[in-house]
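# Survey of secondary and tertiary structure
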Amino acid sequence: MEQKDSKNILIIIADFYDEISSNLKNGAINYLNKIKYSYDIKFVPGTLEIPIVLSSFSRKYDGFIVLSCIIKGETDHYDVVKNIALSEIYKIAYANNLIMGSGIITANNYEQALSRSKISKENYGGRAAVACHKLLSLINE
């Protein structure tokens, strides 16, 4: 990755669903390249691991983008993962005043999640990058 601008973003990606996480990553990277922000990427196995990485790097970056997908299944595991992970992610972000864009997809099924991840569809990765950029711009006015 080449150095582009003074803003350095950490993208944290839970890559449990390869195709979806790849789409989310591409959406975020496309936007960051367009606005000339530099970035690093850290992959974690699942959504529950995002808070640990976010907390560990909270003072080393100007902004953060968290990307993941949680798909509802036949058990309550979906609710457990979603509730714990989102609560912890935002607790860390708010306690540390982190600039963060969230592209965490919660979906009823794989097809719905895939549509939300695709750049040509709902582009949650790109949307998370836009949110991060807008917050950085607002805070640094």
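Everything in this summary refers to the structure shown in the same document. Note that this is a predicted model, so its numbers are computed, not measured. (Residues numbered from 1 in each chain as written. Predicted model: local features only at pLDDT ≥ 70, side-chain atom pairs only at ≥ 80, totals over all residues. Heavy atoms only, no water.)

## A word on the nonpolar core
Counting 26 residues, the largest nonpolar core has I9, I11, I20, L32, I65, L67 and I105 as its most contacted members. Counting only elements with at least two residues in this core, the list comes to β1 (8–14), α1 (18–34), β3 (63–71), β4 (100–107), α4 (110–117) and α5 (124–139). Tallying contributions element by element places α1 first for this core, with six residues. (Core = buried A, V, L, I, M, F, W, Y, C linked by side-chain atoms within 4.5 Å. Buried < 20%, exposed > 50% of the residue type's maximum accessible area, 1.4 Å probe, protein only. Helix = DSSP H or I, 4+ residues; strand = E, 2+ residues; numbered from the N terminus.)

## Overview of the pairing of β4
Within β4, six of the eight residues are buried, leaving the element largely enclosed by the surrounding structure. Across eight bridges, β3 lies against β4 in parallel orientation. Bridging from a neighbouring strand, I65 pairs with G101 of β4. Read as a crossover between parallel neighbours, the route from β3 over helix α3 (residues 77–95) to β4 is right-handed. (Pairing = 2+ DSSP bridges. Right-handed = clockwise from strand over helix to strand, strands pointing away.)

## So, the sheet that holds β3
Ordered by their spatial adjacency, four strands build an open sheet running β2-β1-β3-β4, and the pairing between neighbours is parallel. Every interior strand has two partners, whereas the edge strands, β2 (38–44) and β4, have only one. Recorded for the sheet is a direction-independent mean angle of 15 degrees between the axes of neighbouring strands. Against the sheet, α3 engages β3 and β4, with an angle of about 175 degrees to β4. (Axes fitted to C-alpha atoms, helices over the stretch in contact; angles between N-to-C directions. Contact = heavy atoms within 4.5 Å.)

## Observations concerning the packing of aromatic side chains
As enumerated under the stated definition, the model contains five aromatic pairs in all. Centroid distance Y61 to F64: 6.1 Å. Interplanar angle 65 degrees. Geometry classified as edge-to-face. Across the pair, F64 and Y61 agree in class, each one buried. A centroid spacing of 5.6 Å and a plane angle of 45 degrees characterise the contact between Y90 and Y94, whose relative ring orientation is tilted. One end of the pair, Y90, and the other, Y94, are both in helix α3, four residues apart, so they sit about a helical turn from each other. (Phe/Tyr/Trp six-rings, centres within 6.5 Å; stacked < 30°, edge-to-face > 60°.)

## Section: the pattern of salt bridges
With the rule as written, the count across this model stands at two salt bridges. For K82, the salt bridge goes to D79, with nearest N and O atoms at 4.0 Å. Here K82 pairs with D79, and both are found in helix α3, just three residues apart, close to one helical turn. Residue class for D79 comes out partly exposed when judged on its relative accessible area of 31%. (Salt bridge = Lys/Arg side-chain N within 4 Å of Asp/Glu carboxyl O.)

Keep in mind these values describe shape, not function.
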